[in-house]
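The primary structure of each chain is shown beneath.
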Amino acid sequence: MIVAIDGPAGCGKSTVARLVADELGFYFLNTGSFYRAVTYAHIMRGGDCHDRDSCLETARNTHISVVDGDICIDGIDIEDKLHTRDVDMNASIVSSDPRLRAIVTDEVRKVAGSMDIVTEGRDTTTVIFPDAQCKFYFDASAEIRATRRVEQQGEGQSYEEVLDLIRRRDENDRNKEVGALRIAEDAVYIDTSHLTIREVCEKVVSVVRSVIDGRAAK
Ligand code: DC
């Protein structure tokens, strides 16, 4: 069974997806980490993230795997390298090339195999797993997402800087030629702006359980 959640950066997808996966005993798969991994690999090679051909080359030559929930490139665990400011901004640019997206989409599907998964990203409900049995779209205002991110970070970037970064990433994620962020017709829309993580989890789990019960009754 596939539970897929899409939505803009910072609306709580990862946190909720991880908790829901734990609760249901499903495997958690964060598709953004794959784009972050390619971006990190490219930066490490001294590559220019605006040069599509060289990014594509990196994606073709980098083997991505997931070991105990951590992302590895060519067998090396890089999970703790994926959330730097550099990777944050450049992943959105790197993930804009449809050719590179096709490679990542294949990798994600391979890793998912035939497991029961909770996955999240920008196009998991529309492109990667269009046949997912449960689809969700999470949303929240840019201001609320920036506030949450600043609170998570503690010391670090200012609210204004984070808000600006979020707006730029939103703009880029919504205007991709392929895999642009959009609401799938059959997705359950949840505005997380004024909900706690627990409340969002409960909504998701309740929808998933009703789908599971419906299947069992058939
Ligand atoms: O969810 P995230 O912030 O970790 O994602 C990192 C980047 O990858 C983000 O800029 C959007 C992009 N992405 C994407 O284009 N498609 C996905 N399915 C997941 C993420």
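Note that the coordinates shown come from a computational prediction; the quantities given were computed from them, not determined experimentally.

About the criteria used
Residues numbered from 1 in each chain as written. Predicted model: local features only at pLDDT ≥ 70, side-chain atom pairs only at ≥ 80, totals over all residues. Heavy atoms only, no water. Salt bridge = Lys/Arg side-chain N within 4 Å of Asp/Glu carboxyl O. Buried < 20%, exposed > 50% of the residue type's maximum accessible area, 1.4 Å probe, protein only. Helix = DSSP H or I, 4+ residues; strand = E, 2+ residues; numbered from the N terminus. Axes fitted to C-alpha atoms, helices over the stretch in contact; angles between N-to-C directions. Parallel < 35°, antiparallel > 145°, perpendicular 65-115°, else oblique. Contact = heavy atoms within 4.5 Å. Nonpolar A, V, L, I, M, F, W, Y, C, P; charged D, E, K, R; others polar.

**A few points about the pattern of salt bridges**
For the structure on display, the rule yields 14 salt bridges. The partner of D97 in a salt bridge is R99, and the shortest N-O contact between them spans 2.9 Å. Taking the relative accessible area as the measure of exposure, D97 reaches 3% and is therefore buried. One salt bridge in this structure joins D170 and R174, with 3.8 Å as the shortest N-O distance. Residue D170 and its partner R174 are both found in helix α8 (residues 159-174); the two are separated by 4 residues, about one turn of the helix. On the basis of relative accessible area, D170 is assigned to the buried category, the value being 7%. Linked through salt bridges whose partners overlap, the residues forming this network are D53, D97 and R99.

**Here's the deal with the packing of helix α2 (residues 32-44) against helix α4 (residues 85-94)**
Packing of α2 against α4 brings their axes to within 9 Å, and their N-to-C directions diverge by 105°. Comparing their axes, α4 and α2 come out roughly perpendicular. Residues Y35, R36, V38, T39, Y40 and I43 of α2 pack against D86, V87, D88, N90, A91 and V94 of α4. Looking at side-chain class alone, the contact of α2 with α4 contains 7 nonpolar, 2 polar and 3 charged residues.

On their own, these measurements won't tell you what the molecule is for.
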